[in-house]
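Understanding the architecture of this molecule
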Amino acid sequence: MSSHSELKTSQDVHLRAKQIKSLIRSLKQKIKKIEREGEVAPANCHIIRYQVNGKGTIYWYYKLQAAESIFPMATNHEKKTKYKYLGRAGSSAHIDAVEKLTRRNLIDELERVIQSLTESYLDIYIGTETE
């Protein structure tokens, strides 16, 4: 009777592991699909809104900010800066950056889920060793 329950537990472990691997494959395919949709913003970037005062009027502009200097400077392309000017809300550069950043955020979240599932996959087999 003990061998029957061990076989059932072993099959259950393999089934759960197979389901996790299948889900990981599916999520990786989703990442590839997102990457095919268009360019992806660099990691650790976000869009900043900032204000400029001019002749009694307040203007709002946008820029893409990175954690490190990765964008070519407008005045000297050999030097790098953390910022990329996007212009006003709704400009083509602003909309383009929003789309790229959206793809980056979706990919980052899917990669976090894949990492979590990978740990779960390992837990299945580590947990069975102690049983």
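These remarks concern the structure in this document. (Residues numbered from 1 in each chain as written. Predicted model: local features only at pLDDT ≥ 70, side-chain atom pairs only at ≥ 80, totals over all residues. Heavy atoms only, no water.)

**Looking at the overall build of the protein chain**
Quick reminder of the rule: Secondary structure is summarised from DSSP: a helix means a run of H or I of at least four residues, a strand means a run of E of at least two, and numbering begins at the N terminus for each. When we talk radius of gyration, it's over C-alpha atoms, and the globule rule is simply 2.2 Å times the number of residues to the 0.38. Classification of residues uses two cut-offs on accessible area relative to the type maximum, computed with a 1.4 Å probe and protein chains only: under 20% is buried, over 50% is exposed, and between them is partly exposed. Method for areas: the Shrake-Rupley scheme with a 1.4 Å probe, in which residue coverage is limited to the protein chains shown.
Assigned secondary structure in the protein chain consists of 2 helices and 5 strands. Along the protein chain, from the amino end to the carboxyl end, the secondary structure elements read α-β-β-β-β-β-α. In terms of overall dimensions, the protein chain is more spread out than a globule: its C-alpha atoms have a radius of gyration of 24 Å, far above the 14 Å expected for 131 residues. Seen along its three principal axes, the alpha-carbon backbone of the protein chain occupies a region of about 85 × 25 × 25 Å. Expressed as a percentage of the 131 residues in the protein chain, the buried residues total 23%. Of the roughly 9,700 Å² of accessible surface on the protein chain, a fraction of 53% belongs to carbon and sulfur atoms.

**As for the nonpolar core**
We apply this condition: The criterion is simple. A nonpolar core is a set of buried Ala, Val, Leu, Ile, Met, Phe, Trp, Tyr and Cys residues joined through side-chain atoms within 4.5 Å.
In terms of nonpolar packing, the biggest core is built from 12 residues, these being V13, A17, I20, I24, L27, I31, I34, I107, L110, I114, L117 and I124. The element best represented in this core is helix 1 (residues 2–37), accounting for 7 residues. Judged by nonpolar contacts, the second largest core, of 9 residues, contains C45, Y62, F71 and L101.

**Structural notes on the pattern of salt bridges**
To keep it simple, the criterion reads: Salt bridges are defined by distance alone: a side-chain nitrogen of Lys or Arg within 4 Å of a carboxyl oxygen of Asp or Glu.
Per the stated rule, a full pass over the model turns up 5 salt bridges. Note that E39 and K100 form a salt bridge whose closest N and O atoms lie 3.4 Å from each other. With a gap of 61 residues between them, E39 in the loop between helix 1 and strand 1 (45–54) and K100 in helix 2 (residues 92–130) connect regions that are remote in the sequence. For K100, a relative accessible area of 13% corresponds to the buried category. A salt bridge links K100 to D96, with the shortest nitrogen-to-oxygen separation between them at 3.0 Å. One end of the pair, K100, and the other, D96, are both in helix 2, 4 residues apart, so they sit about a helical turn from each other.

**Concerning the pairing of strand 1**
Going by this rule: The pairing criterion for strands is at least two bridges between them, as found by DSSP.
Pairing between strand 1 and strand 2 (residues 57–66): 10 bridges, direction antiparallel. Bridge pairing in strand 2 places N53 opposite I58. Joining the antiparallel neighbours strand 1 and strand 2 is a turn of 2 residues, in which K55 adopts a positive phi near 50 degrees.

**Let's talk about the side chain of T81**
Applied cut-off: Polar contact is defined as a pair of N or O atoms within 3.5 Å, subject to the rule that within protein one atom must be able to donate a hydrogen and the other to accept it, and that residues adjacent in sequence are counted only when both atoms are side-chain atoms.
As for its placement among the helices and strands, T81 is situated in strand 4 (residues 80–81). From its side chain, T81 meets the backbone nitrogen of Y83 in a polar contact 3.4 Å long.

**Details of a positive patch on the surface**
Under the convention used in this document: Any residue with relative accessible area above 30% and no salt bridge may belong to a patch, with like charges joined within 9 Å and the nonpolar Val, Leu, Ile, Met, Phe, Trp and Tyr side chains within 5 Å. Charge counting follows a simple rule: Lys and Arg are positive, Asp and Glu are negative, and His as well as the terminal groups are ignored. One atom stands in for each charge, and that atom is NZ of Lys, CZ of Arg, CG of Asp or CD of Glu.
A grouping of K28, K30, K32, K33 and R36 is seen on the molecular surface, where their side chains present a positively charged patch. Its location among the elements puts R36 in helix 1.

**Let's talk about the side chain of R103**
Defined as follows: In what follows, residue pairs with any heavy atoms lying within 4.5 Å of each other are defined as contacts.
Residue position: R103 is located in helix 2. There is no salt bridge for the buried R103, and the closest opposite charge comes from E99, which lies 4.8 Å off by N-O distance. At 3.4 Å, the side chain of R103 forms a polar contact with the backbone oxygen of G38. Discounting residues that sit within four places of it in the chain, R103 has contacts with I34, E37, G38, E39 and V40.

**Re the environment of Q51**
Its location among the elements puts Q51 in strand 1. Of the residues examined, Q51 reaches a relative accessible area of 40% and is grouped as partly exposed. Dropping the residues within four chain positions of it, Q51 is found in contact with I58, Y59 and W60. Side chain to side chain, Q51 and N53 meet in a polar contact 3.2 Å long.

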